[in-house]
Structures are given as C-alpha cells and as structure tokens.
Amino acid sequence: MAKETARKRGYKKRYPQDRMLAETKRLLRQLGLQARKGLGQHFLVDEGVLERIVDAAELGPTDVVLEIGPGLGVLTRELAGKVGWVVAVELDTRLALVLKKELASFNNVAIVNQDILKTSPASLLEGLPPDFPGIGDGRLGYKVVANLPYYITSAVLRHFLEARFKPKVMVVMVQKEVAEAIVAQPGDMSLLAISIQFYGRPYIISYVPASSFYPAPEVDSAILKIGLYPQPPVSVADRESFFGLVRAGFSARRKQLVGSLANGLGLPKAEVLPLLERAGIISRRRAETLTLEEWARLWRVFAQVEERPW
Ligand code: SAM
C-alpha cells in the first residue's frame, strides 16, 4: 500500500547504489573534475561490491594495506576504518590533493602521489610508524587491495608478484576476462596464468557488472584474490630463463609444442623433440595444456642441455 502510494506520487525507491552514484557525481561536480578514462578512472558506486572486496581481504587492526588508485577514496575510507595502516598510491595529482584534504582526519592513511609502477613496495612502506607491530622483528607483511586501473592490470600484478618484498595477499578488481584467464586450468592456460600461478593461488571472489562503476566501463569485472605462496610450488633455479621458455612455448598458440618451442627458441624441431621426450611430454600437445609442474620439468631438461638465452 505504502509502496503503491510512493509510486503514484512519483517517488523512486533509493538503493545504496543510487546513493553512492549520486554522491560520486556530486563530488566530481563540486571539485570541477571529470573522470579521466585514459587513467582507468571508473569509480565504484556499489556498496555491496565494496563490502565484498573488504570481506575478501579479511582485514584486521594489525594489517598494513597498500591501495593502488584510491580515486575519490571510497575504498580507502573503508580500509582505514579496519586496518592499522593504509598507503594509497594515486597517479592523478588532482585526486591525490583532494584525498589528502578529505582524509586528513584519519591518522593511519598516507596518500602518495606517484605512479605505482615506478615505486617499489618496500619504499612505500618506509613511512610506517616505527612502533607498528612486526616492524622491528621483520615479521611485517602487507596486503594489496585495489580497484585497479585496467590499462595496467598485468603490469601491476607482475610488479607486486616479482617484487623483492611481496604482499601476503592481493584482492583486486580486474576485467572479468582477465580474471578468468588468470584462474585457468590446464587446457586453457596462457603465459599470464602461468606467471600468476607460479607465485600464488588465484580465485574469483565474485563477478561485478559494469553498472557498479561510474562512468560504467565497457566490460564487466571480477574481484580476484591471490594468496601468495611463501615459495613457488615448483622448483626452478632461474626464473628469468624459466619464463623465457614458457614465453617461447606460447609464441605460436595454434602450433603443437614442438613447433611453438622451435619457433620461439629459434631451434630446429629435431633438437627440441628429444628434449620433450626426455621431459616425458608428448610433442603433439599444445602449450595451453601443460601444468606448471610440466613446464618446470621441461625447463630443467632444457637447462641441463646447454646455456641458452631462454
Ligand atoms: N579506488 C577508486 C574506486 O574504487 O572508486 C578508483 C578506482 S579507478 C578504477 C583507478 C584509479 O587508479 C584511478 O583513480 C586512477 O587515477 C588511478 N591510477 C591510474 N594509473 C595509475 C598508476 N599508474 N599509479 C597509481 N594510480 C593510478
């Protein structure tokens, strides 16, 4: 009855998503700013999604969180209310200035106006208070939580996974297709899947429609969680050369492994064939069917044979 009256009077039920959308538009107008699509600026306007990101990160008061691209600070505020310390790195100087002012009342947030790809994680955590738990005894770990700018997704993931000081866990919003490629199983593997699964176990927390952002991107998204391993699950002595071999294997995706490796490494097939045999891998298989363990076995055979630049 009440619903009917409201509808007749022309009122629209306001959902939290409407509220966040209206607030985001109001803030941008007030600041005289427009979203820069070139910087991947699609602001989150869905409270449910915000909650799912924060829940997935399993945050507590002794956590240190590194956020990439705080934008207008919706996620930053949530994080600051739950953890001990937040370092938020924003490339857009206009937004970084606004955030410094808006979040000044939080004494556990540092806004850094830099390009995340040009900043080492270790240097970002140097500003932590010296009495922060774990700092003195080297136990300090950190989490990455972010709604990523999609134009640099793979580069950001590599930046953290290959860093000397790696996070314990990453909870990041990425394009749906990228998330699916990362969690792929043998049969659908890619260079991207291997390079993430070498460092941690990725899984999709949930899918997120384009309408959860303003302005809405052209693609749907997914919340991806990667729990990092203390050590890679396969043993390879030289990571650079291991990934060189994997890259060569994926250099001609339609080809059988013998052909793609020969192509990628610039070797005759006759030289590649016995090495595949020695690793116990059928040469007719395609790169996307190999497990991480099989790539490692193959690399060990190749590495034994000769010093080659893969
Ligand atoms: N966290 C906000 C939210 O959820 O509404 C904004 C997310 S938006 C998808 C991505 C943010 O990353 C933007 O604020 C953008 O300016 C910032 N950004 C883009 N490239 C960056 C870079 N190289 N380093 C740091 N921040 C970057």
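Note that the structure is a prediction, hence the values are computed from the model and not measured.

Chemist: Got a sec to walk through unusual backbone geometry? Specific residues and values, please.
Modeler: A cis amide bond links Tyr-214 with the next residue in sequence, Pro-215, at an omega value of -15°. By the secondary structure assignment, Pro-215 is in the loop between strand S8 (213-214) and strand S9 (221-228).

Chemist: Any details on the side chain of His-42? Residues and values, ideally.
Modeler: Note that His-42 resides in the loop between helix H2 (16-31) and strand S1 (43-44). Here the side chain of His-42 touches Pro-215 through a polar contact of 2.6 Å, landing on its backbone oxygen. Filtering out sequence-adjacent residues up to four positions away, His-42 remains in contact with Lys-37, Asn-147, Phe-213, Tyr-214, Pro-215, Ala-216 and Pro-217.

Chemist: Can you lay out the domain arrangement of the protein for me, pointing to particular residues and giving the numbers?
Modeler: Assigned domains within the protein: domain 1 (6-228) and domain 2 (239-303). Each of domain 1 and domain 2 has a C-alpha centre, and these two points are 36 Å apart. The interface is formed by 12 residues belonging to domain 1 together with 13 residues belonging to domain 2. Linking domain 1 with domain 2 are zero salt bridges, by the criterion used here. Per-class residue counts for the side of domain 1 that touches domain 2 are six nonpolar, four polar and two charged.

Chemist: Give a description of the pattern of salt bridges that names residues and reports values.
Modeler: Across all of its chains, the model carries 10 salt bridges by this definition. Its salt-bridge partner being Arg-94, residue Asp-92 comes within 2.8 Å of it at the nearest N-O pair. Note on Asp-92: relative accessible area 2%, which makes it buried. Residue classification places Arg-94 among the partly exposed positions, given a relative accessible area of 26%. A network of salt bridges, in which partner residues are shared, links Arg-36, Asp-92 and Arg-94.

Chemist: Describe the environment of Arg-285, listing the residues and the values that go with them.
Modeler: Within the element layout of this structure, Arg-285 appears in the loop between helix H12 (269-278) and helix H13 (292-305). Judged by relative accessible area, which is 23%, Arg-285 ranks as partly exposed. A sequence separation of 27 residues divides Arg-285 from Val-258, and the C-alpha atoms of the two residues are 8.2 Å apart. Setting aside chain neighbours within four positions, we find Arg-285 in contact with Gln-256, Leu-257, Leu-290 and Glu-294. A polar contact of 2.8 Å, which involves the side chain of Arg-285, links it to the side chain of Glu-294.

Chemist: Pulling in residues and values, what's your account of the site of the ligand?
Modeler: In the region of the ligand, 24 residues are neighbours, and Leu-44, Gly-69, Glu-90, Asn-147 and Tyr-151 sit closest. With respect to the ligand, the backbone of Gly-69 contributes an N or O atom lying 2.8 Å from a nitrogen atom. In the environment of the ligand, a nitrogen atom lies 3.0 Å from a nitrogen or oxygen atom belonging to the backbone of Ile-116. The protein chains hide 99% of the 600 Å² of surface that the ligand would expose on its own. In this structure the site holding the ligand corresponds to the largest pocket.

Chemist: Describe the packing of aromatic side chains, with residues and values.
Modeler: The full count for this structure, using the stated rule, is six aromatic pairs. Judged by centre distance (5.2 Å) and plane angle (70°), the ring pair of Phe-198 and Phe-243 falls under edge-to-face. One end of the pair, Phe-198, is in the loop between helix H9 (191-197) and strand S7 (200-208); the other, Phe-243, is in helix H10 (residues 239-249), with 45 residues separating them in the sequence. With a relative accessible area of 0%, Phe-198 lands in the buried category. One aromatic cluster is present, formed by Phe-198, Tyr-199, Phe-242 and Phe-243 through successive ring pairs. Stacked on the ring of Tyr-207, the Lys or Arg Lys-176 has its end atom at 6.0 Å from the ring centre.

Chemist: An account of the pairing of S9 is needed here, citing residue identities and associated values.
Modeler: Taking burial as the measure, the eight residues of S9 include seven buried ones, the bulk of the element. Where strand S6 (residues 169-175) lies against S9, seven bridges are found, and the strand directions are antiparallel. Its bridge partner lying in S9, Met-170 is registered against Ile-226. Bridge count between S7 and S9: eight bridges; the pairing is antiparallel.

Chemist: Can you break down the nonpolar core residue by residue, with the values?
Modeler: Core analysis: the biggest nonpolar cluster contains 66 residues, and Phe-242, Leu-261, Trp-295 and Leu-298 have the highest contact counts within it. With seven residues, H13 is the largest single contributor of residues to this core. Among the domains, domain 1 (6-228) and domain 2 (239-303) are the pair contributing at least three residues each to this core. Every residue in contact with Leu-261, bar those within four places of it in the chain, is listed here: Leu-245, Ala-248, Gly-249, Gly-266, Val-272, Leu-276, Leu-298 and Phe-302.

Reading the values: the criteria
- Residues numbered from 1 in each chain as written.
- Predicted model: local features only at pLDDT ≥ 70, side-chain atom pairs only at ≥ 80, totals over all residues.
- Heavy atoms only, no water.
- Helix = DSSP H or I, 4+ residues; strand = E, 2+ residues; numbered from the N terminus.
- Polar contact = N/O pair within 3.5 Å; in protein donor to acceptor, adjacent residues only side chain to side chain.
- Contact = heavy atoms within 4.5 Å.
- Domains from an automatic or database assignment.
- Salt bridge = Lys/Arg side-chain N within 4 Å of Asp/Glu carboxyl O.
- Nonpolar A, V, L, I, M, F, W, Y, C, P; charged D, E, K, R; others polar.
- Buried < 20%, exposed > 50% of the residue type's maximum accessible area, 1.4 Å probe, protein only.
- Near = heavy atom within 4 Å.
- Areas by Shrake-Rupley, 256 points an atom, 1.4 Å probe, with all protein chains shown as cover.
- 1 Å grid on protein atoms, 1.4 Å probe; cavity = no way out; pocket = protein on both sides within 12 Å on 5 of 7 lines; lining within 4 Å.
- Sits in = over half its atoms within 2 Å of the grid points.
- Phe/Tyr/Trp six-rings, centres within 6.5 Å; stacked < 30°, edge-to-face > 60°.
- Lys NZ or Arg CZ within 6 Å of the ring centre and 35° of its normal.
- Pairing = 2+ DSSP bridges.
- Core = buried A, V, L, I, M, F, W, Y, C linked by side-chain atoms within 4.5 Å.

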